[in-house]
Amino acid sequence: MLKAKIILVALGAALAMPQALAGSTPEEDRKEAVEYFKQMFPDVPFEEFVNGQYALNEDRRSQWESMQDFPPYEFAVADGKEMFETPFANGKTYASCFENGGIGIRQNYPYFDTEKNEVITLELAINRCREANGEEPLRWKKGAIASISAYMASTSKGKPINIKVPDDPDAMAAYQDGKKFYYSRRGQLNFSCASCHVQNPGKWIRADFLSPALGQPANFPVHRSKWGELGTLHRRFAGCNNNVRAEPLPAQSEEYRNLEYFLTYMSNGLPVVGPATRP
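Residues numbered from 1 in each chain as written. Predicted model: local features only at pLDDT ≥ 70, side-chain atom pairs only at ≥ 80, totals over all residues. Heavy atoms only, no water.

Condition: UniProt positions are given in the numbering used here, feature names are shortened, and annotations may be inferred rather than shown by experiment.
Named according to an unreviewed UniProt entry, the chain is SoxAX cytochrome complex subunit A originating from Marinobacter subterrani. Its UniProt record, at the heading Subcellular location (unreviewed entry), says of the chain: "Periplasm". In its Subunit (unreviewed entry) section, the UniProt record describing the chain reads: "Heterodimer of SoxA and SoxX."

## Description of the overall build of the chain
As a reminder, the rule being used: In DSSP terms, a helix is any run of H or I states spanning at least four residues, a strand is any run of E spanning at least two, and both are numbered starting from the N terminus. All radius of gyration figures rest on C-alpha atoms, and the globule criterion is 2.2 Å times the number of residues raised to 0.38. Accessible area is worked out with a 1.4 Å probe on protein chains only. A residue is then buried under 20% of its type maximum, exposed over 50%, and partly exposed in between. Residue contacts are defined here by distance: any two heavy atoms, one from each residue, within 4.5 Å place the two residues in contact. For this count, His and the chain ends are skipped, Lys and Arg are scored as positive, and Asp and Glu as negative. Throughout, a charge is located at the NZ atom of Lys, the CZ atom of Arg, the CG atom of Asp or the CD atom of Glu.
Each helix and strand in the chain was counted, giving 10 helices and 7 strands. What you see for the chain is a C-alpha radius of gyration of 18 Å, in line with the 19 Å of a compact globule of 279 residues. Its C-alpha atoms put the chain at 60 × 45 × 35 Å along the principal axes. For the chain, buried positions account for 52% of its 279 residues. A separation of at least 24 residues holds for 70% of the contacts in the chain among residues at least 6 apart in sequence. Side chains of the chain give 32 positive and 34 negative charges; the mean places of these two sets differ by 7 Å.

## Focus: the state of the cysteines
Rule in force here: Count a disulfide wherever a pair of cysteine sulfur atoms falls within 2.5 Å.
Under the criterion given, the structure shown has 1 disulfide. In this structure C240 is not part of a disulfide, and its nearest cysteine sulfur, from C193, lies 6.7 Å away.

## As for helix α6 (residues 144-154)
Counting buried residues in α6 gives 9 out of 11 residues, a clear majority hidden from the surface. The complete set of buried residues in α6 reads I145, A146, S147, I148, S149, A150, Y151, M152 and A153. Buried residues belonging to α6 abut α4 (74-85), α5 (122-132) and β6 (229-231).

## Considering the UniProt feature "binding site: heme c 2" (unreviewed entry) in the chain
Sequence positions flagged by UniProt for "binding site: heme c 2" (unreviewed entry) are, in local numbering, C193, C196, H197 and C240. Across 48 residues in sequence, these annotated residues keep their C-alpha atoms within 11.1 Å of one another, forming a single compact spot. On the secondary structure map, C193 appears in helix α8 (residues 193-197). Residues within four places of C193 in sequence aside, it is in contact with F181, Y182 and R186. Structurally, C196 can be placed in helix α8. The contacts of C196, once residues within four sequence positions are left out, are F191, P201, L210 and S211.

## A word on the nonpolar core
As a reminder, the rule being used: We define the nonpolar core as a collection of buried residues of types Ala, Val, Leu, Ile, Met, Phe, Trp, Tyr and Cys that are connected through side-chain atoms lying within 4.5 Å of one another.
With 43 residues, the main nonpolar core has Y182 and Y261 as its most contacted residues. Listed by contribution, the elements that provide at least two residues to this core are α2 (26-40), α7 (169-183), α8, α9 (233-243) and α10 (254-265). With residues up to four places along the chain from it excluded, the contact list for Y182 reads S192, C193, A194, H197, V198, A213, L259, F262 and L263. Ranked by size, the runner-up nonpolar core spans 23 residues in total, among them A76, F98, A146 and M152.

## Overview of unusual backbone geometry
The linkage connecting Y109 with the following residue, P110, adopts the cis geometry, with an omega of 0°. Of note, P110 is situated in the loop between α4 and β1 (111-113). One non-glycine residue, N100, adopts positive backbone phi at about 55°. Position of N100 among the secondary structure elements: in the loop between α4 and β1. Phi is positive for R245, close to 60°, though the residue is something other than glycine. Looking at where R245 falls in the secondary structure, it is placed in the loop between α9 and α10.

## A word on the pattern of salt bridges
Operational definition: One side-chain nitrogen of Lys or Arg within 4 Å of one carboxyl oxygen of Asp or Glu is enough to make a salt bridge.
Applying the stated criterion across every chain, the model contains 10 salt bridges. Note that R30 and E27 form a salt bridge whose closest N and O atoms lie 2.7 Å from each other. On the criterion of helical spacing, the pair formed by R30 and E27 is a turn pair, its members being 3 residues apart in helix α2. For R30, a relative accessible area of 14% puts it in the buried group. Each of E48, R61 and E65 takes part in salt bridges that share partners, so that together they form one network.

## With respect to the packing of α7 against α10
Any two packed helices are characterised by the angle at which their axes cross and by the distance between the axes. Stated formally: Fitting a line to C-alpha atoms yields each axis, with helices limited to the stretch in contact; the angle taken between N-to-C directions then spans 0 to 180 degrees. Any angle between 65 and 115 degrees counts as roughly perpendicular, while under 35 counts as roughly parallel, over 145 as roughly antiparallel, and the rest as oblique. Under the scheme applied here, ten amino acids are nonpolar (Ala, Val, Leu, Ile, Met, Phe, Trp, Tyr, Cys and Pro), four are charged (Asp, Glu, Lys and Arg), and all others, including Gly, are polar.
Close contact between α7 and α10 brings their axes to 7 Å; oriented N to C, the two are set at 90°. Considering the angle they form, α7 stands roughly perpendicular to α10. Every residue of α10 that contacts α7 at A171, A174, Y175, D177, G178, K179, F181, Y182 and Y183 is listed here: E255, Y256, N258, L259, Y261, F262, L263 and Y265. Looking at side-chain class alone, the contact of α7 with α10 contains 12 nonpolar, 2 polar and 3 charged residues.

Following this line, the structure appears as structure tokens:
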């Protein structure tokens, strides 16, 4: 029965999947995506898309709201703040590596570095800051790096996401690579990211209630009940690849960074709400 259900879901996605965004510029892509989700969920205000499944399901929303008085990530964010402010062995802190001392800047990540010709995510910048100051890098997916990233995100709550694709062929190539990854099918189930989060948000697949792509990056890092801790966006990318029985890529690989670049650009204008909680 379960196998049959998976096959039916896959067939439905294959038959009904809309074509990938056809805009000639990233901004045309973004406007097309926003309009698509507004038509799919006409009763959901634009700003509510950052709340994912909780914007679509009242029962889940009420349970989620009851959790917000004492969010499970609270202590991790406090730990992240302490680590962020604790000097390295050379006396400097993370603040020395970031614009505005690292406060209130989450909405600008990831960005394309035209000198290094690559996408820089917040977690990549955190570890490069450590290395530049003689410290060992942190593990990418969870633990200290998620706590530091969550603290930095918390200082940007409410600020609109503001990702730019500069007038640079390498920047456009990175954006297009991320877009291609998002719409490419992979794994034994032959699903793309879009199969779940563009074609089927608001529906159930096994025990998972699917959220729309719009607004997803605004939540990270997230505390998932399944994990019992905070995790980064690239941890979630790897989990999604596992779910469709595809080989996950390393966190902070070029492919995942480009994917984050594309996906976050699609959420421009929505407020940062991370860290957040998810099932």
